[in-house]
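Descriptive analysis of the structure
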Amino acid sequence: MSSSHNDSGISGLVSGSEDLGLLRFLTCGSVDDGKSTLIGRLLYDRKLVYDDVVDQLREESKRFGTQGDEIDFALLVDGLEAEREQGITIDVAYRYFSTDRRRFMVADTPGHEQYTRNMVTGASNADVALILVDASKGVRLQTRRHSFIVNLLDLEHVVLVVNKMDLVDYSQSRFNGIVDEYRLFADGIGLKSVTEIPVSALRSDNLTYRSTNMSWFDGPSLLEYLETVEVSNRSVLRPSRLPVQRVVRPDSEFRGYAGTIATGTIKVGDELIAAPRRDQFKVTSILTADGEVDEAEAGRAVTVTIDSEVDISRGDVLAKATELPQSSDRLQASIVWMSTSPMLPGRPYIIKMGHKVAVASFEAPRFVWNVTTLEHVAARTLELNSIGVCHIDLDTAVVFEPYVESKAMGSFIVIDRETLETVAAGMIQFGLRRSENIHWHTFEVNRDTRRELMGHDSGVVWMTGLSGAGKSTIANLLERRLASLGVHTYILDGDNVRQGLNKDLGFTDADRVENIRRVAEVAKLMADSGIVVIVSFISPFRAEREFARRIMPEGTFFEVHVDVSVAVAESRDPKGLYLKARAGKLPNFTGIDSPYEVPEFPEVRINAAESSPTESADIIVAALVEAGIVRAS
Amino acid sequence: MNKSKPRHLQQLVDESIFIFREAVSEAERPVLLYSIGKDSSVLLNLALKAFAPGKPPFPLLHVDTTWKFKAMYAFRDDLAKRYEMDLIVHQNPYCLENNINPFDHGSARHTELWKTDGLIQALQQHKFDVAFGGARRDEERSRAKERVFSVRSPSQGWDPKQQRPELWNTYNNKLAQGQSIRVFPLSNWTELDIWQYIAIEEIDIVPLYFAAPRPVVDRDGLIIMVDDDRFRFLPDEKPEIRSVRFRTLGCYPLSGAIESNATSINDIIRELETGTTSERQGRVIDKDGIASMERKRQRGYF
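Calculation notes
Along each chain, the written sequence defines residue order, and numbers are assigned to residues from 1. Chains and ligands are labelled sequentially in the order written, the chains with letters from A and the ligands with numbers from 1. Totals for whole chains, interfaces and linings use all residues, but because this is a predicted model, local features are given only for residues with pLDDT of at least 70 and pairs of side-chain atoms are given and counted only at 80 or more. The side-chain figures draw on all heavy atoms in the structure; neither hydrogens nor water molecules are used. Helix and strand assignments come from DSSP, with helices taken as H or I runs of at least 4 residues and strands as E runs of at least 2, each series counted from the N terminus. Relative accessibility thresholds used throughout: buried, under 20% of the residue-type maximum; exposed, over 50%; partly exposed, between the two (1.4 Å probe, protein chains only). Between two residues, a contact is recorded if the distance between any of their heavy atoms is within 4.5 Å. Computed with a 1.4 Å probe, the accessible areas rest on the Shrake-Rupley method; for each residue, only the protein chains presented here act as cover. Axes here refer to lines fitted to C-alpha atoms; in helices the fit is confined to the stretch in contact. Angles between the N-to-C directions go from 0 to 180 degrees. When an angle is under 35 degrees it counts as roughly parallel; over 145 it counts as roughly antiparallel; between 65 and 115 it counts as roughly perpendicular; any other value is oblique. Crossing handedness follows the turn of the near helix against the far one: under a right angle anticlockwise gives a left-handed crossing, and clockwise gives a right-handed one. Paired strands, in this sense, are two strands between which DSSP finds at least two bridges. Our working definition of a disulfide is a cysteine sulfur pair at a distance within 2.5 Å. Domain limits in this description derive from either an automatic procedure or a database domain assignment. Note on definitions: buried area is the accessible-area loss of two parts on being combined, 1.4 Å probe, summed for both. The rule for a salt bridge is simple: a side-chain nitrogen of Lys or Arg has to be within 4 Å of a carboxyl oxygen of Asp or Glu. In protein, a polar contact requires one atom able to donate a hydrogen and another able to accept it; more generally it is a pair of N or O atoms within 3.5 Å, and residues adjacent in sequence count only if both atoms are side-chain atoms. Classes in brief: Ala, Val, Leu, Ile, Met, Phe, Trp, Tyr, Cys and Pro nonpolar; Asp, Glu, Lys and Arg charged; the others, Gly included, polar. For a helix, the expected span equals 1.5 Å multiplied by the residue count minus one. Stacked, tilted and edge-to-face pairs are distinguished by plane angle, under 30 degrees for stacked and over 60 for edge-to-face with tilted covering the rest, among Phe, Tyr and Trp rings (Trp via its six-membered ring) whose centres lie within 6.5 Å. Only residues whose relative accessible area exceeds 30% and that take part in no salt bridge are eligible for patches, with like-charged residues grouped when within 9 Å of each other and nonpolar side chains (Val, Leu, Ile, Met, Phe, Trp, Tyr) grouped when within 5 Å. Charge counting treats Lys and Arg as positive and Asp and Glu as negative, with His and both chain ends excluded. One atom stands in for each charge, and that atom is NZ of Lys, CZ of Arg, CG of Asp or CD of Glu.

As a further point, take the overall build of chain A. Broken down by element type, chain A carries 18 helices and 29 strands. In chain A, which comprises 633 residues, the share counted as buried stands at 56%. Of all intrachain contacts in chain A linking residues separated by at least 6 positions in sequence, the fraction that spans at least 24 positions is 71%. A total of about 26,800 Å² of accessible surface is found on chain A, and carbon and sulfur atoms cover 49% of it.

In structure tokens:
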């Protein structure tokens, strides 16, 4: 729905004017600063709203509106039923409109602090941010918070929209006062390219046309600004990067690599590599939606063919051989946490960077930001809506660029391995070159040598289950049975680990995760030294047990679930712990007020209510024999 | 092929292609929900481009109600043949058996049984985990907040409060057991973009979008076309021939026409640019209450 008469036919643009393409902008500001009203009014003034929608709006304004008998323009934008009734914007809503000069996409995001994640989402897809301020209230905490996020997400332009000028009698000095205060803050956080415009959304001053009520203002109206602001295609000038999205092999004849060019340009004849590997090849053709081309630039979806048979897969990044990208398996990044479950340092998460998926674990944050005072605050974890800086370890090296240089190559999302929900957004600051500084030495005495010396293979028997299930009893019997078979063993349990190595840890979820991570790493080293390690820990979380499994060589990890109901364990209660927990004296006690996640596919499951400890130990020995770790006699 | 597209259209095309490729890269059984309308035609055109020089790696699924316009069925069958795409047509067996129709059962019930339930049956029967749809965010207010990759529970329900955040263009397409994803490559297109693209790419669409003399009756403020002899006239009601066209197509007794003389795509675009009513104005099913669309989608409607 273009605004008015348009003689250029299908192009939707006035002939002769430069085609500026699509502008994506974001509106943010405090709760009552009038974002939705601004957008609704802009659409209405430009006659971008159809009559039947206006009729519906009139009817709804009477029911839900806040403007008496007048049309409440905010209702045009606030989409979901719950929001209309509560009068707030919960989610990110996208709106579209076009004028003779440009096509616009608006992300309207909520102002409340508890919706920081929604604002980050909106900002990640925008070129320009409109930050609204109520002229009668001035710069507020929310204004600062939103400006900080806009700067963190590195938007190209910021407009400070000083709204409700009608409430301050269109006062120039009031406007200048707000501008001065804001500039001081904006300079402090390093915000570039800020433009200030005084408006009244309700009265339509300086929205689409320059207002006679503010003749002292000689800048553009908001719409004029949006129609003409240049979004310099920064990404085109960067080194060429084409992340491989899909290997295209429709038949035996054709083999190509499809993806969207992240930065720079790709030409036929370019000498490329597929990072992280270094084999060189030449581009032989480039296919786009408009057919074959000789050259394509950032933003275009292409399929390229090359002149050699290199092994290239989804997630690799095509780059010029003369402009090699960095790669690392350890990164420092800003993280915005978006889940109600806090980040657990050490726990494995999935990260998706472009088309590359890796397993990642976070260290405790180096700090989190107080986003209103900009102070660095110490923290052990990241909670919902907190923004911090963390070191991240990956199970594989990834090709990347710092976020400020390339959004496409420097951003990632974090996915929980259990729920598969998106729990965080990350922006890479730089790679930490651990992989280049610390080399794992390849010793001449290796696993095979040790197996010869010991006379048996090594591995980890990981016993998990509720307190009182009988893990320790079974572990002791198992160790005796193995000793009688000439197998070297060692038991790691709460008694010998909690009092030494892990005495700095308590029983919060984060500490439990770290506790198990350390135990898993120690077990791995001991198993590597040639012995059979018996680990006896409640280890209630599936993710940590999976971590322990993943760091061990295939086939040498035996998860043993000592399975018993809470009722049975509680009736045994050998150490009187359940009694204390029930009395509230032991917080976070597994089975009472902290969950136990039952193993899905353990190597051995022992029904501890039916099998005796001796029978249980025999079942485990049999499993080790069957796997070839130890011999039966 | 016209290569001088307006820049925003080229940006939208590239974005849609990116979405198609990303969705199939981690899908086991993708499918394209084909509704025969103009948006479906654009969707298919983009799918063909996204996977060229190969064929799109998925079939088309049409959830049929037996009440579409005759011209739509003819168009559908011709198109599947022309592009050599597999076409699955699903008709809810319960509806067939009980002759569910808009005249006896009303628009809401008719739509829920044939389309909402029919779609769920088809998706579950074929175990599709990714379903492409042609919905656009500009169609209706509650759509404005739908994600590009929209996760559905095993019962195909949609919970607007439990949506995954979508950051940059990094889509989380991981699925838990039984979940599926609806993917909307046209999310950021507007009605005008669709028509401009159809004009530039010379995409075939059902002739009902162009004005022609057609037999119609006036009902509850809508102009309804009499497409076959199943139509139930009210007492004293008689069809008259008027020059009309359709902005959206669905079941013929539920699709309101507009009076128009637009016989070419350029006529249609001109009409849109000066027009004063929205696309959904002609849909009977949207009039079931202010937030009716949002509620339908929570149930699983597309």
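There's plenty left to go through after this.
Bringing the packing of helix α12 (residues 471-484) of chain A against helix α18 (residues 613-626) of chain A into the picture now. Residue and element names in this part refer to chain A. With their axes 9 Å apart at the nearest point, α12 and α18 run at an angle of 55° to one another. The angle between α12 and α18 falls in the class oblique. Relative to α18, α12 is oriented so that their crossing is right-handed. Between α12, through Thr473, Ile474, Leu477, Leu478, Arg481 and Leu482, and α18, the contact on the second element is made entirely by Pro613, Thr614, Ser616, Ala617, Asp618, Ile620, Val621 and Leu624.

Our next topic: the sheet that holds strand β2 (residues 60-64) of chain B. Residue and element names in this part refer to chain B. Ordered in space as β3-β2-β1-β4-β6-β5, the six strands form an open sheet in which the pairing is mixed. One side of each edge strand has no neighbouring strand; the edge strands of this open sheet are β3 (87-91) and β5 (149-152). Ignoring strand direction, the axes of neighbouring strands in this sheet form an average angle of 30°. Here strand β4 (residues 130-132) pairs with strand β6 (residues 180-183) via three bridges, running parallel. Looking across to β6, one finds that Phe132 is bridged to Val183. Across the face of the sheet, helix α3 (residues 70-82) comes into contact with β2 and β3 while running at roughly 165° to β2.

On to the sheet that holds strand β7 (residues 212-219) of chain B, then. All names here are of chain B. Strand order in the closed barrel formed by four strands is β7-β8-β10-β9, with antiparallel pairing between adjacent strands. Neighbour to neighbour, the strand axes of the sheet diverge by 75° on average, direction disregarded. Pairing geometry for strand β9 (residues 240-245) and strand β10 (residues 256-259), over two bridges, is antiparallel. The residue of β10 that forms the bridge with Arg245 is Ile258.

Residues and elements named next belong to chain A. Within strand β19 (residues 356-362), five of the seven residues are buried, which leaves it mostly tucked inside the rest of the structure. Two strands pair when backbone bridges link them, and strand β18 (residues 348-353) and β19 are joined in this way by six bridges, in the antiparallel orientation. Paired with Ile351 across the bridge in β19 is Ala358. Pairing between β19 and strand β22 (residues 387-400): three bridges, direction antiparallel. The residue bridging Phe362 from the neighbouring strand is Ile392, located in β22.

Quick look at the state of the cysteines now. Per the stated rule, a full pass over the model turns up zero disulfides over all chains. In this structure Cys251 of chain B is not part of a disulfide, and its nearest cysteine sulfur, from Cys95 of chain B, lies 10 Å away.

How big an interface is tends to be stated in terms of the accessible area lost upon association of its parts. All names here are of chain A. According to the domain assignment, chain A consists of domain 1 (10-232), domain 2 (235-320), domain 3 (326-437) and domain 4 (447-626). With both chains or domains summed, domain 1 and domain 3 bury close to 1,400 Å², and 70% of this area falls on carbon and sulfur atoms. Three residues stand out in domain 1 for area buried against domain 3, namely Arg117, Phe148 and Leu152, and they jointly supply 39% of the buried area on that side. Inspection of the domain 1/domain 3 interface yields zero salt bridges. Applying the counting rule to domain 1 against domain 3 returns five residue pairs in polar contact (both at pLDDT 80 or more). Broken down by secondary-structure element, the contributors of at least two residues to the side of domain 1 that touches domain 3 are α5 (116-124), α6 (141-152) and α7 (172-189). Ranked by the residues each element gives to the side of domain 1 that touches domain 3, the list is headed by α6, at six residues. In the side of domain 1 that touches domain 3, the residues fall into eleven nonpolar, three polar and five charged.

The subject of this paragraph is the pairing of strand β3 (residues 103-108) of chain A. Within a regular strand, the side chains alternate between the two sheet faces. Residues and elements named next belong to chain A. Extensive coverage of β3 is indicated by the burial of six of its six residues. The side-chain alternation of β3 yields two buried faces, one formed by Arg103, Met105 and Ala107 and the other by Phe104, Val106 and Asp108. Both strand β1 (residues 22-29) and β3 contribute to a ladder of six bridges, which runs parallel. By the bridge assignment, Arg24 is partnered in β3 with Met105. Summarising the sheet, strand β2 (residues 93-98) and β3 pair through six bridges and their orientation is antiparallel.

Residues and elements named next belong to chain A. Look at helix α14 (residues 509-528): 29 Å from first C-alpha to last across 20 residues, which is about the 28 Å you get at 1.5 Å a residue. The complete set of buried residues in α14 reads Asp511, Arg512, Val513, Glu514, Asn515, Ile516, Arg518, Val519, Ala520, Ala523, Met526 and Ala527. Gly530 lies just past α14 and shows a positive phi near 115°.

So, about the packing of α5 of chain A against α6 of chain A. Residues and elements named next belong to chain A. Running from N to C, α5 and α6 cross one another at 40°; their axes reach a closest spacing of 10 Å. Overall, the two elements α5 and α6 adopt an arrangement that is oblique. α5 and α6 meet at a crossing whose hand is right-handed. Contact residues: α5 offers Thr116, Met119 and Val120, while α6 offers Arg145, His146, Ile149 and Val150. Among the residues making up the contact of α5 with α6, the classes are represented as four nonpolar, two polar and one charged.

Right, let's get into the packing of aromatic side chains. All names here are of chain B. Counted under the stated rule, the structure contains 30 aromatic pairs over all chains. Judged by centre distance (5.5 Å) and plane angle (80°), the ring pair of Phe103 and Phe231 falls under edge-to-face. In this pair, Phe103 sits in helix α5 (residues 102-126) while Phe231 sits in the loop between β8 (222-225) and β9, placing the two residues 128 residues apart along the sequence. Centre to centre, the rings of Trp189 and Tyr197 are 5.3 Å apart; their planes meet at 80°, and the pair counts as edge-to-face. With a relative accessible area of 0%, Trp189 lands in the buried category. Put simply, the rings of Trp67, Phe69, Phe103, Phe231, Phe233, Phe246 and Tyr252 pair up and form one aromatic cluster.

This next bit is on α7 of chain A. Residue and element names in this part refer to chain A. With 18 residues, α7 should reach 26 Å at 1.5 Å per residue; the first-to-last C-alpha distance of 26 Å fits that figure. Buried-residue contacts for α7 involve β4 (128-134), α6, β5 (157-163) and β6 (194-198). Directly beyond the C-terminal end of α7, a positive phi value near 85° is found at Gly190.

Moving on, we come to the environment of Val487 of chain A. All names here are of chain A. Assignment of secondary structure puts Val487 in the loop between α12 and β26 (489-493). With relative accessibility at 7%, the residue Val487 sits in the buried group. Counting along the chain gives 44 residues from Val487 to Ile531, while the straight-line C-alpha distance between them is 7.5 Å. Once residues lying within four places of it in the same chain are set aside, the contact partners of Val487 are His456, Leu482, Val532 and Val630.

A separate point is a negative patch on the surface. Where like charges cluster on the molecular surface, the negative patch consists of Glu292, Asp294, Glu295 and Glu297 of chain A. If you trace the backbone, Glu292 of chain A turns up in strand β13 (residues 291-293).

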